[in-house]
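Structural features, examined
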Amino acid sequence: DKGSASLSADVPLGENITHSWHHLAWVMTSQSSVVYLNGKRVTEIHQPGSNKGYHGAEIGAAHRYGSFHGMLDELMVWRRALDESEVKHLAAATE
């Protein structure tokens, strides 16, 4: 259990992404987290050791910005970190 520790960052999503469907992937390893939007890497957070162990998760919420106002569809969780080519393949398969 991580106790009160948390991993968070601002993710630059670019221009207006409302009113359309997007593929978002967050890949965590013991060394970093990488966020992809529509198969393209948008940010990487280097915090070695911060991703080890048990983590509670909040999907669609951000304490500083309020709640996500939209829909989530086809939510998937893997037991391992996907590599960049796997994320691109998933994003392309959902177009």
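Right, let's walk through the structure included here. For every chain, the first residue of its written sequence is number 1, and the numbers climb from 1 along that sequence. Reporting of local features is limited, given that this is a predicted model, to residues whose pLDDT is at least 70; pairs of side-chain atoms are given and counted only at 80 or more, and all residues count toward the totals for whole chains, interfaces and linings. Water and hydrogen atoms were dropped before computing side-chain values, which therefore reflect all heavy atoms in the structure.

**Quick look at the pattern of salt bridges**
Only one rule defines a salt bridge in this text: a Lys or Arg side-chain nitrogen within 4 Å of an Asp or Glu carboxyl oxygen. Under the defined criterion, the tally for this structure stands at four salt bridges. Where R41 meets E84, a salt bridge forms, and the shortest distance between an N and an O atom there is 3.3 Å. Residue R41 is found in strand β3 (residues 40–46), and its partner E84 is found in helix α1 (residues 84–93); the two are separated by 43 residues along the sequence. Across the pair R80 and E86 runs a salt bridge, and its minimum N-O distance is 2.8 Å. Working definition: with a 1.4 Å probe on protein chains only, accessible area under 20% of the residue-type maximum means buried, over 50% means exposed, and in between means partly exposed. With relative accessibility at 48%, the residue R80 sits in the partly exposed group. For E86, a relative accessible area of 26% puts it in the partly exposed group. Three or more residues are tied together by salt bridges with common partners; here these are R41, E44, E84 and K88. The helix and strand labels rest on DSSP assignments: H or I over at least four residues marks a helix, E over at least two residues marks a strand, and numbering proceeds from the N terminus.

**Notes on the pairing of β3**
The pairing of strand β2 (residues 32–37) with β3 spans six bridges and is classified as antiparallel. Bridged to S32 within β3 is H46. For two strands to count as paired, DSSP must find a minimum of two bridges between them. Where β2 folds back on β3, the antiparallel hairpin that results is connected by two residues, among which N38 adopts a positive phi of roughly 55°.

**Some points on the environment of V77**
By secondary structure assignment, the location of V77 is in the loop between β5 (66–67) and α1. Assessed through its relative accessible area of 76%, V77 is described here as exposed. The spacing of V77 and V27 is 50 residues in sequence and 9.8 Å in space, taken between C-alpha atoms.

**Remarks on the nonpolar core**
Buried Ala, Val, Leu, Ile, Met, Phe, Trp, Tyr and Cys residues that are joined via side-chain atoms within 4.5 Å together make up what is termed a nonpolar core. Listed in full, the six residues of the largest apolar core are A25, V27, V34, Y36, L82 and V87. Every element with two or more residues in this core is listed here: β1 (24–28) and β2. For this analysis, residues touch if any pair of their heavy atoms sits within 4.5 Å. Those residues in contact with L82 that sit more than four places away from it in its chain are V27, V87 and L90.

Spatial relationships are all this shows, so hold off on functional conclusions.
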